[in-house]
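Next come the chains, spelled out residue by residue.
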Amino acid sequence: MMLPEQHIAAETDRLFKKLENLSWTRTDCQLYAPLTLEINQLKKEQDAIILAHSYQTPDIVYGVADFVGDSYGLAQIAAEHPARKIIFCSVLFMGETAKILSPDKEVLVPSRAGCSLADSITAEDVRGLKKKHPGVPVVCYVNTSAEVKAESDVCCTSSNVVQIVEALPGEEVIFIPDKYMGDYLRRMTKKNVITWPGVCIVHEEFTSDAVKAVREQYPGVKILVHPECTSSVIDLADYVGSTSQMLKYVGDSTDVSPVMIVSECGLADRVKAEHPERQVVGACALCPYMKQIALKDVQVALKNPRPEQRVEINPAVLKKAKMSLDRMFELTRK
Ligand code: 13P
Ligand code: SF4
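Keep in mind that this is a model prediction, so the values were computed, not measured.

Broken down by element type, the protein carries 15 helices and eleven strands. Taking 20 Å as the expected radius of gyration for a compact globule of 334 residues, we find that the protein reaches 20 Å, a close match to that expectation. Seen through its C-alpha atoms, the protein measures out along the principal axes to roughly 65 × 55 × 35 Å. Across the 334 residues in the protein, those meeting the buried criterion constitute 56%. Pairs at least 24 residues apart make up 61% of the contacts formed inside the protein by residues separated by at least 6 positions. For the protein, the computed accessible surface area is about 14,500 Å², with 53% contributed by carbon and sulfur atoms. Averaging the coordinates of the 39 positive side-chain charges in the protein and doing the same for the 44 negative ones gives two points 4 Å apart.

All right, on to the sheet that holds strand β2 (residues 67–69) then. The sheet built from four strands is open, its strands ordered β2-β1-β3-β4 with parallel pairing. At either margin of the open sheet sits one strand with a lone partner, and together these are β2 and β4 (106–108). Neighbour-to-neighbour, the strand axes of this sheet turn through a mean angle of 20°, independent of strand direction. Of the pairings in the sheet, the one linking strand β1 (residues 48–53) to strand β3 (residues 85–89) comprises five bridges and is parallel in character. When the bridges of β3 are listed, Leu51 appears paired with Phe88.

About the cut-offs
- Residues numbered from 1 in each chain as written.
- Chains lettered and ligands numbered in written order.
- Predicted model: local features only at pLDDT ≥ 70, side-chain atom pairs only at ≥ 80, totals over all residues.
- Heavy atoms only, no water.
- Helix = DSSP H or I, 4+ residues; strand = E, 2+ residues; numbered from the N terminus.
- Rg over C-alpha atoms; globule rule 2.2 N^0.38 Å.
- Buried < 20%, exposed > 50% of the residue type's maximum accessible area, 1.4 Å probe, protein only.
- Contact = heavy atoms within 4.5 Å.
- Areas by Shrake-Rupley, 256 points an atom, 1.4 Å probe, with all protein chains shown as cover.
- Lys, Arg positive; Asp, Glu negative; His and termini not counted.
- Charge placed at Lys NZ, Arg CZ, Asp CG, Glu CD.
- Pairing = 2+ DSSP bridges.
- Axes fitted to C-alpha atoms, helices over the stretch in contact; angles between N-to-C directions.

Dropping the structure here:
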């Protein structure tokens, strides 16, 4: 049997192997090891899994997460995984999505972190839009509350937004709440897209001048852009996709040119940690909501959850919201 010090040493080694490309020292890893060990043990005892969005901090992504991904991939896991309990390390709408898809599971969030997009629109606003544009299908971005999903016909994520809109009948669509993603949709489809003035305060910060400067400085650089960015930034992209699609693009490519990740810094960190052969250039941006989640709160959620860490949704809202998510899965399966 291993002594406690040996467990800590083994955990320190495990963390260091994963984090050294992010300039974590062995001492940093040693400081985190007791907490990651405890969290991983609690997960086993409780038949729990930890889902983490790629924008989470490296201690969560590489220390305790069982699955790391984008909104679509994590929603799929939440729907299909047999675990009894899910700890969702991300902003609240992703925890809510997990609960909607798996109502019988216990779903907890370390922190009820918001999102500028999800907070920009209410169910009442959607009812107003439907009244103004009767009969026009409503597509909601997954970055919305359960109540907004319940008022929508179909949900989508950044990985399938064009596919979902194209799959709907008719020439018109109400797309909520990301106005920049709506602009992107107008360019990718022939439909008349009615939008809502929501923005991601993180992706909105990137400017075309900053991206052009990186292109000039690093000839051959590949610019990877999230569709929450403005059109002038998307215009400069070599690739536009969800966070997992961007990561896959890097993993699949055979060239070793530098990459600019026009997204949140957590994704840039994943590229640095998992693809050390690629030079990551240019500035990334920090999401103040995603970065509210701390490893200590993950431990609390498992050990002695605070009431606000439990994700509960009104059953009538949940039932309707599930229909818009189920429709997304149906349309993307075809
Ligand atoms: P992804 O689904 O692409 O990970 O996007 C989620 C998000 O909040 C991006 O800001
Ligand atoms: Fe919301 Fe933007 Fe943060 Fe994503 S990066 S959670 S869209 S505020």
